[in-house]
Amino acid sequence: MKTLTTLSVAVLLSGASTLAMAATNPISVHVLNTQTGKPSSGVEVKLEHQTDNGWETVATDTTSEDGRISALFPEGETLESGVYRAVFGTGDWYKKQDISTFFPEITVPFQVDNVDQHYHIPLLLSPYAYSTYRGS
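Treat the numbers as computed from the prediction; the structure is a model and nothing was measured.

**Notes on the overall build of the protein**
Phase 1: Of regular secondary structure, the protein possesses 2 helices and 9 strands.
Phase 2: Helices (α) and strands (β) of the protein occur, in sequence order from the N terminus, as α-β-β-β-β-β-β-α-β-β-β.
Phase 3: Buried residues in the protein amount to 35% of all 136 residues.
Phase 4: Put simply, 59% of the contacts in the protein that link residues at least 6 apart link residues at least 24 apart.
Phase 5: Carbon and sulfur atoms provide 52% of the accessible area of the protein, an area that totals close to 8500 Å².

See below:
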């Protein structure tokens, strides 16, 4: 019978904590570098909500070691229906990597129709191309 090491237990609990946070937070993002096949840690992501007066910043955070922000929407706030966008600071991220890029930032707008759903925005990134889709 195998026993769990302290590190294994810590990793499992960390993963469970991230899943629990994602389950209670309505918006998450994940950035993957398709050039290297690895997660993009350290990418700043700004969440904005479209209002009658333009775009209002809701939150800003930075991707973790695994390229994720599992809880981008501010805790204690109420998600409203409407148009949001995730603004990925790719230019600054590539500059830190000493790599030039065509996209100084990537903006991904999305529609929130059901405030009880989770909205996950993955970004597949390379210096001269990107793609995104509705994640789960």
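**Points about the pairing of strand β6 (residues 82-88)**
Side chains on a regular strand alternate between the two faces of the sheet.
Phase 1: For β6, the buried fraction is high: 5 of the 7 residues fall into the buried class.
Phase 2: Bridging between strand β3 (residues 44-51) and β6 involves 5 bridges; their strand directions are antiparallel. Directly across from K46, in β6, lies its bridge partner V87.
Phase 3: Inspection of the sheet shows β6 paired to strand β7 (residues 106-112) by 7 bridges, in the antiparallel sense. Looking across to β7, one finds that F88 is bridged to I106.

**Observations concerning unusual backbone geometry**
The bulk of non-glycine residues show a negative phi, and the bulk of peptide bonds are trans.
Phase 1: The phi dihedral of D98 is positive, around 60°, even though this residue is not glycine.
Phase 2: Given the relative accessible area of 74%, D98 is considered exposed.

**A closer look at the nonpolar core**
Phase 1: In terms of nonpolar packing, the biggest core is built from 24 residues, with I27, V45, F88 and F110 touching the most fellow members.
Phase 2: Every element with two or more residues in this core is listed here: β1 (27-33), β3, β6, α2 (90-96), β7 and β8 (119-126).
Phase 3: Leaving out residues up to four positions away in the same chain, F88 has contacts with V29, V31, V43, E44, V45, E105, I106, V108, I121 and L123.

**So, the packing of aromatic side chains**
Phase 1: Evaluation of the coordinates by the stated rule reveals 5 aromatic pairs.
Phase 2: Seen from their ring centres, Y84 and F110 are 6.0 Å apart, and the 20° between their planes marks the pair as stacked. Taken together, the residues span a long stretch of sequence, with Y84 in strand β6 and F110 in strand β7 at a distance of 26 residues. Assigned by exposure class, Y84 and F110 land together as buried.

Cut-offs and rules
- Residues numbered from 1 in each chain as written.
- Predicted model: local features only at pLDDT ≥ 70, side-chain atom pairs only at ≥ 80, totals over all residues.
- Heavy atoms only, no water.
- Helix = DSSP H or I, 4+ residues; strand = E, 2+ residues; numbered from the N terminus.
- Buried < 20%, exposed > 50% of the residue type's maximum accessible area, 1.4 Å probe, protein only.
- Contact = heavy atoms within 4.5 Å.
- Areas by Shrake-Rupley, 256 points an atom, 1.4 Å probe, with all protein chains shown as cover.
- Pairing = 2+ DSSP bridges.
- Core = buried A, V, L, I, M, F, W, Y, C linked by side-chain atoms within 4.5 Å.
- Phe/Tyr/Trp six-rings, centres within 6.5 Å; stacked < 30°, edge-to-face > 60°.

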